[in-house]
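Here is how the chains run, residue by residue.
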Amino acid sequence: CAAAVNKLVCSITHKTLQELTLQSVSLTPAVAAALGRSLVKMSSLKQLELSGVSGSTLQAEEMEALFGGINETLSALERLTIVNFNARGSLAPLTKRVHFFPKVTWLGLCSLNMDERDLHGLLESLRSIPNPLRLTLHSNPLGSRDRVQSMVQQALPQVDVWYG
């Protein structure tokens, strides 16, 4: 299965691609690296959704391979969703590059097993996004809904957070 996903991801380079959804994917280092190389070529990409296989892990190595090569603005990207991975402690490669997504209006990070340190790093990086943003954090063990909403609103009043 991983070989098939890798082959598929390697073939995605179309510059006019606007939406890319990969569901129930296992992001091996090879697949993450191939997708990361493709992402920087997708200048028209408006929506990226990655959904993992239940119980799959997304380690810092895969996150770095996926987002580490982004060193230029992805000016079309409006919606980024990553769901259903165990990514605790591995979000830094993404959060360090959020400023390359200035038009993002939807960021969904659900069922990633995020902890408070992940959330703080994310909130710090989101200060660079000039637009109002909808942030969805469903199914992460971050504490009570009121507490998470308070933390987000205190750090970023322009962000509409969904958590529960």
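Conventions adopted
- Within every chain, residues take consecutive numbers counted from 1 along the sequence as written.
- This being a predicted model, a pLDDT of at least 70 is required before a residue's local features are given, and a value of 80 or more before pairs of side-chain atoms are given or counted; all residues contribute to the totals for chains, interfaces and linings.
- Side-chain metrics rest on all non-hydrogen atoms present in the structure, leaving aside hydrogens and water.
- Residue types Ala, Val, Leu, Ile, Met, Phe, Trp, Tyr and Cys, when buried and joined through side-chain atoms within 4.5 Å, form a set referred to as a nonpolar core.
- Exposure is judged per residue with a 1.4 Å probe applied to protein chains only, and the accessible area is read against the type maximum: over 50% gives exposed, under 20% gives buried, and values in between give partly exposed.
- Throughout, a contact is declared for two residues whenever any of their heavy atoms are within 4.5 Å.
- A pair of strands counts as paired when DSSP detects no fewer than two bridges linking them.
- A run of H or I in DSSP becomes a helix once it reaches four residues, and a run of E becomes a strand once it reaches two; helices and strands are each numbered from the N terminus.
- Definition of a polar contact: a pair of N or O atoms within 3.5 Å, with one able to donate and the other able to accept a hydrogen when the atoms are protein atoms, and with sequence-neighbouring residues admitted only if both atoms are side-chain atoms.
- Angles shown run from 0 to 180 degrees and are taken between the N-to-C directions of axes, each axis being a line fitted to C-alpha atoms and, for helices, limited to the stretch in contact.
- Note on terminology: angles under 35 degrees are roughly parallel, angles over 145 are roughly antiparallel, angles of 65 to 115 are roughly perpendicular, and the others are oblique.
- Rotating anticlockwise by less than a right angle from the far helix to the near helix defines a left-handed crossing, while the corresponding clockwise rotation defines a right-handed one.

Peer 1: Whenever I open this one, the nonpolar core confuses me. Can you help?
Peer 2: Side chains that are nonpolar tend, in soluble globular proteins, to be buried together. With 50 residues, the main nonpolar core has Phe101 and Leu137 as its most contacted residues. Other than its neighbours up to four places away in sequence, Phe101 contacts Phe67, Ile70, Leu74, Leu77, Leu80, Leu94 and Ile129.

Peer 1: What is the right way to read the pairing of strand β1 (residues 19–25) from this model?
Peer 2: As a general feature of sheets, a regular strand has side chains that alternate between the two faces. By the bridge criterion, five bridges tie β1 to strand β2 (residues 47–52) in an arrangement that is parallel. For Leu22, the partnering residue across the bridge sits in β2 and is Leu50.

Peer 1: Just to check I follow, could you spell out the side chain of Asn140 for this structure?
Peer 2: Topologically, Asn140 is positioned in the loop between β5 (133–136) and α6 (145–155). Classification of Asn140 by relative accessible area gives buried; the value is 5%. From its side chain, Asn140 meets the backbone nitrogen of Met114 in a polar contact 3.0 Å long. If near-sequence neighbours (up to four positions away) are discounted, Asn140 is found in contact with Leu109, Cys110, Ser111, Leu112, Asn113, Met114 and Tyr163.

Peer 1: Can you help me understand the environment of Pro102 in this one?
Peer 2: Turning to its location among the elements, Pro102 is positioned in the loop between α4 (92–95) and β4 (106–110). Residue Pro102 is classed as partly exposed on the basis of its relative accessible area of 24%. With 28 residues separating them along the chain, Pro102 and Leu74 place their C-alpha atoms 7.7 Å apart. Apart from the residues lying within four places of it in its own chain, the contact partners of Pro102 are Thr73, Leu74, Ile129, Pro130 and Asn131.

Peer 1: Quick question: what am I supposed to make of the packing of helix α5 (residues 116–126) against α6 here?
Peer 2: The angle between the axes and the distance between the axes are what describe a pair of packed helices. Between α5 and α6, whose axes approach to 10 Å, the crossing angle comes to 25°. With respect to each other, α5 and α6 are oriented roughly parallel. Considering the relative orientation of α5 and α6, their crossing is right-handed. Counted together, Glu116, Leu119, His120 and Leu123 of α5 and Arg147, Met151, Val152 and Ala155 of α6 form the full contact between these two elements.

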